[in-house]
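Structure at a glance
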Amino acid sequence: MKRSERYEAVLRHFAEVSPHVTTELEFGSVFQLLVATVLSAQCTDKRVNQVTPELFRHYPDAAAMAEADPEDVLSFISSISYPNSKAKHLVELSVAIQEKFGGKVPSALDDLTSLPGVGRKTANVLLAVAFSKAAMPVDTHVYRVSHRMGLVPKSAATPLAVERCLTKNIPEALLADAHHWLLLHGRYVCTSRKPHCEKCPFKGFCPKIMDFKGY
Ligand code: SF4
């Protein structure tokens, strides 16, 4: 099967079964999505959703968070991975949003990645989810399933290389949805250790299925 045919089959399937897809993070504004996405690095969305309601009650926007003491922010996010550095980054990025961007989360990739604690993946999530731009955030799930399903060559050995390959092969209008489709496929079906190949809609052509034939 040619790579282009793989893309076609995968995108057609997801478009049919899951036409309306978005992030599982809960938020009420662009700023809150930014905070939730920063918190979700190396942490589950479920856990993030458990702490953000109280966090957002105390710090609903950049103006409030910029005035906070990182120690106080820490008390709300202590169950999240890397809480100390994330608390510090949340306050610092809020100060930067206030001072450099007039209190509004910027909508350009370079501006977003200039914020403390905001890497390319987080910035791409903001672009795709908050600003409806054609962007492909590559997290651990997207990276893994893209390789397993043969959507990217083995030589695409970094998240950026995978992002470029997916961006080249997926129509712009579908990029943001494709991010969620691949991520959710990785989270619930093509899981890291024991993928559920038996219920995978792509088992007919997945080049990796033989690695998991004991399923
Ligand atoms: S067949 Fe298995 S390895 Fe391949 S994409 Fe599906 S779950 Fe992942």
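By the naming in an unreviewed UniProt entry, the chain goes by Endonuclease III and is assigned to Prevotella pectinovora. One UniProt comment on the chain, placed under Catalytic activity (unreviewed entry), says "2'-deoxyribonucleotide-(2'-deoxyribose 5'-phosphate)-2'-deoxyribonucleotide-DNA = a 3'-end 2'-deoxyribonucleotide-(2,3-dehydro-2,3-deoxyribose 5'-phosphate)-DNA + a 5'-end 5'-phospho-2'-deoxyribonucleoside-DNA + H(+)". Looking at the chain in UniProt, the text filed under Sequence similarities (unreviewed entry) is "Belongs to the Nth/MutY family."

**Focus: the site of the ligand**
Every one of the 10 residues lining the ligand counts as a neighbour, but M149, C190, C197, C200 and C206 are closest to it. For the shell around the ligand, the per-class residue count stands at seven nonpolar, one polar and two charged.

**A short note on the side chain of S94**
Tracing the sequence through the fold places S94 in helix α6 (residues 83–100). Take S94: its relative accessible area is 0%, and that puts it in the buried class. Looking at S94, its side chain comes within polar contact range of the main-chain oxygen of L90, at 2.7 Å. Contact partners of S94, with chain neighbours within four places excluded, come to F31, A62, M65 and A66.

**Points about the domain arrangement of the chain**
Along its sequence, the chain is organised into domain 1 (3–21 + 136–212) and domain 2 (30–130). Every contact between the two is made by nine residues of domain 1 and, on the other side, seven residues of domain 2. Carbon and sulfur atoms make up 59% of the area that domain 1 and domain 2 hide from each other, which totals about 620 Å². For the pair domain 1 and domain 2, the number of links is two salt bridges. Across the salt bridge formed by R120 and E163, the nearest N and O atoms sit 2.8 Å from each other. The interface formed by domain 1 and domain 2 contains three residue pairs in polar contact (both at pLDDT 80 or more). Breaking the side of domain 1 that touches domain 2 down by element, the ones donating at least two residues are α10 (159–169) and α11 (175–188). For the side of domain 1 that touches domain 2, the element with the highest residue contribution is α11, accounting for three residues. Its residues assigned to classes, the side of domain 1 that touches domain 2 comprises five nonpolar, one polar and three charged.

**Focus: the UniProt feature "binding site: [4Fe-4S] cluster" (unreviewed entry) in the chain**
The UniProt entry lists C190, C197, C200 and C206 under the feature "binding site: [4Fe-4S] cluster" (unreviewed entry), expressed in the numbering used here. For this annotated set, covering 17 residues, all C-alpha atoms fall within 10.9 Å of each other, a compact arrangement in space. Position of C200 relative to the elements: it lies in the segment after α11. The buried category is assigned to C200, whose relative accessible area is 12%. If near-sequence neighbours (up to four positions away) are discounted, C200 is found in contact with H185 and V189.

Here is what the cut-offs are and how they apply
Residues numbered from 1 in each chain as written. Predicted model: local features only at pLDDT ≥ 70, side-chain atom pairs only at ≥ 80, totals over all residues. Heavy atoms only, no water. UniProt positions renumbered as here; feature names shortened; annotations may be inferred. Near = heavy atom within 4 Å. Nonpolar A, V, L, I, M, F, W, Y, C, P; charged D, E, K, R; others polar. Helix = DSSP H or I, 4+ residues; strand = E, 2+ residues; numbered from the N terminus. Buried < 20%, exposed > 50% of the residue type's maximum accessible area, 1.4 Å probe, protein only. Polar contact = N/O pair within 3.5 Å; in protein donor to acceptor, adjacent residues only side chain to side chain. Contact = heavy atoms within 4.5 Å. Domains from an automatic or database assignment. Buried area = accessible area lost by both parts, 1.4 Å probe. Salt bridge = Lys/Arg side-chain N within 4 Å of Asp/Glu carboxyl O.

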